[in-house]
Number of protein chains: 2
Amino acid sequence: MAATDQILIDKLRERGLRVTSQRLLIHRALAAKPQHVTAEQVLTRVRDALPGTSLPTVYATLELLAQLGLVHRVATGGAVLFDSRVAPHSHTACRHCGRVTDLDSRPVTRDALRTARAAGFRPDDAQLVVWGLCPDCAADQTGTTESPSRTRPGSTTSP
Amino acid sequence: MAATDQILIDKLRERGLRVTSQRLLIHRALAAKPQHVTAEQVLTRVRDALPGTSLPTVYATLELLAQLGLVHRVATGGAVLFDSRVAPHSHTACRHCGRVTDLDSRPVTRDALRTARAAGFRPDDAQLVVWGLCPDCAADQTGTTESPSRTRPGSTTSP
DNA sequence: CTTTTTGCAAATGATTTGCATTAAC
DNA sequence: GTTAATGCAAATCATTTGCAAAAAG
């Protein structure tokens with residue numbers, strides 16, 4: 001894991017910030033694989049390795065990682081999701097099960113950034129969220145009249 | 001105001017729902033002009049005309065209007081913003097002052113919807129949020145080292 | 001009159017804050 | 001040794017829920 005650790009360590013030292021085990025573990029929990037996780041989910045993962053870690057620390061660290069440009073926030077309406085994929089990209093969000101998935105449409109966000117810049121805006125990120133029914137829930141919905149068994153965010157990723 | 005009222009009235013009657021003054025006023029507060037407002041801001045406006053209106057009613061009604069397709073939710077991380085412009089479109093959000101502004105980039109969301117559909121997703125809305133500094137705050141930032149006097153959402157609109 | 005909608009109070013969920021203790025440097 | 005980071009408890013903010021009273025059809 002030293003590979004991704006080093007990036008964080010360098011950025012922390014650059015700014016005179018301290019390298020702590022919480023910061024390393026929280027960063028690892030996200031950097032491991034592309035995913036969309038809530039602060040609560042990050043806490044669960046980190047606690048395996050470092051019991052006693054607290055939610056305020058997770059929030060503070062995610063905020064720090066965001067400032068360092070190592071994670072992005074994805075606002076979908078409920079809890080904020082944190083994404084280790086930092087290049088501007090898009091997501092789908094299912095109204096039924098809540099699942100958030102990556103969607104590749106790079107030129108899309110690229111155009112939006114250009115348009116914003118033309119309007120005098122100084123953009124640093126662009127997030128496109130497409131709302132609707134994911135393939136699974138769209139299939140279920142055929143004929144059935146079930147009540148929306150709304151699930152919390154989860155985290156799947158597909159390019 | 002009968003013009004926009006009628007649209008709501010028809011939709012309510014179609015579904016056997018009741019036409020109440022709260023529903024009319026909340027709808028008017030949004031339909032008047034394109035804007036991005038929080039539930040709290042809607043309440044403030046509605047209370048001028050109908051004191052005693054409550055926040056739970058505002059939330060319930062905004063949810064209803066969203067289901068009727070008369071408003072859209074815009075998730076920017078903090079309080080959800082409600083937008084009477086229902087055609088898929090984009091927004092800029094300022095990291096400094098929090099201001100949310102319309103941004104026209106129709107082909108952008110159109111492409112995203114197509115891409116999502118191709119992936120088996122059944123989309124009903126697409127929201128693109130471009131984050132960064134608005135023209136005003138970008139100008140202020142030149143040289144000055146002020147603390148981010150973070151303001152709550154506001155509501156400006158520019159095509 | 002019947003049923004939906006409202007308002008109120010209280011609950012919930014996400015995130016932040018204050019402060020004493022602990023760990024980096 | 002200093003100072004920044006952490007953990008805990010409590011506060012805050014946005015939103016939802018339960019239930020009795022008011023209003024629409």
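As the structure is a prediction and not an experimental result, all values here were calculated from the model.

(A) Structural view of the interface of chain A and chain B. Each side of the interface is counted separately: chain A has 36 residues, and chain B has 36 residues. Both faces combined, the contact of chain A with chain B buries some 2600 Å², and carbon together with sulfur accounts for 64% of it. When the buried surface of chain A facing chain B is broken down by residue, A:Phe121, A:Arg122 and A:Trp131 rank first, second and third, together holding 21% of it. The interface formed by chain A and chain B includes two salt bridges. We note a salt bridge from A:Arg95 to B:Asp124, for which the minimum N-O separation is 2.6 Å. The set of elements that each furnish at least two residues to the side of chain A that touches chain B consists of strand E4 (90-94), helix H5 (106-118), strand E6 (122-133) and helix H6 (135-140) of chain A. For the side of chain A that touches chain B, the element with the most residues is E6(A), which contributes twelve residues. Residue composition of the side of chain A that touches chain B, grouped by class: 21 nonpolar, nine polar and six charged. Bridge count for E6(A) against strand E6 (residues 122-133) of chain B is eleven bridges, and the pairing is antiparallel.

(B) Main features of the pattern of salt bridges. Residues and elements named next belong to chain A. By the definition in use, this model includes ten salt bridges over all chains. In this structure, Arg73 and Glu63 form a salt bridge, with 2.3 Å as the shortest nitrogen-oxygen distance. With a gap of ten residues between them, Arg73 in strand E2 (residues 72-74) and Glu63 in helix H4 (residues 55-67) connect regions that are remote in the sequence. Relative accessible area serves as the criterion here: at 31%, Glu63 is assigned to the partly exposed category. Where Arg85 meets Asp102, a salt bridge forms, and the shortest distance between an N and an O atom there is 2.5 Å.

(C) A look at the packing of helix H2 (residues 21-31) of chain B against helix H4 (residues 55-67) of chain B. All names here are of chain B. Across the interface, H2 lies against H4 with an axial gap of 10 Å and an inter-helix angle of 70°. By the criterion of interaxial angle, the relationship of H2 to H4 is roughly perpendicular. The crossing of H2 and H4 is right-handed. Contacts from Gln22, Arg23, Ile26, His27 and Leu30 of H2 reach H4 at Thr57, Val58, Thr61, Leu62, Leu64 and Leu65. A breakdown of the residues in the contact of H2 with H4 according to their chemical character gives six nonpolar, four polar and one charged.

(D) Seen up close, the nonpolar core. Of all hydrophobic cores here, the largest spans 30 residues; its most connected members are A:Leu128, A:Val130, B:Leu128 and B:Val130. Put simply, the parts of the chain that give this core at least two residues each are H5, E6 and H6 of chain A together with helix H5 (106-118), E6 and helix H6 (135-140) of chain B.

(E) Focus on the side chain of A:Thr92. If you trace the backbone, A:Thr92 turns up in strand E4. Here A:Thr92 falls in the buried class, since its relative accessible area comes to 6%. Filtering out sequence-adjacent residues up to four positions away, A:Thr92 remains in contact with A:Arg99, A:Val100, A:Thr101, A:Leu103, A:Val130, B:Ala116 and B:Phe121.

(F) A look at the relation of the copies chain A and chain B. Between the two copies, chain A and chain B, the superposition gives an RMSD of 0.1 Å; the rotation angle is 179° and the shift along the axis is 0.0 Å. Given the turn and translation reported, the copies of this chain are related as if by a two-fold rotation axis. Ranked by how close their C-alpha atoms come to the rotation axis, the residues of chain A are headed by A:Leu128, at 2.0 Å. Both copies present the same face, since 100% of the interface residues in chain A are matched by interface residues at the equivalent positions in chain B.

So, how was this worked out
Residues numbered from 1 in each chain as written. Chains lettered and ligands numbered in written order. Predicted model: local features only at pLDDT ≥ 70, side-chain atom pairs only at ≥ 80, totals over all residues. Heavy atoms only, no water. Contact = heavy atoms within 4.5 Å. Buried area = accessible area lost by both parts, 1.4 Å probe. Salt bridge = Lys/Arg side-chain N within 4 Å of Asp/Glu carboxyl O. Helix = DSSP H or I, 4+ residues; strand = E, 2+ residues; numbered from the N terminus. Nonpolar A, V, L, I, M, F, W, Y, C, P; charged D, E, K, R; others polar. Pairing = 2+ DSSP bridges. Buried < 20%, exposed > 50% of the residue type's maximum accessible area, 1.4 Å probe, protein only. Axes fitted to C-alpha atoms, helices over the stretch in contact; angles between N-to-C directions. Parallel < 35°, antiparallel > 145°, perpendicular 65-115°, else oblique. Left-handed = near helix turned anticlockwise from the far one by under 90°. Core = buried A, V, L, I, M, F, W, Y, C linked by side-chain atoms within 4.5 Å. Least-squares fit on C-alpha atoms with pLDDT ≥ 70 in both.

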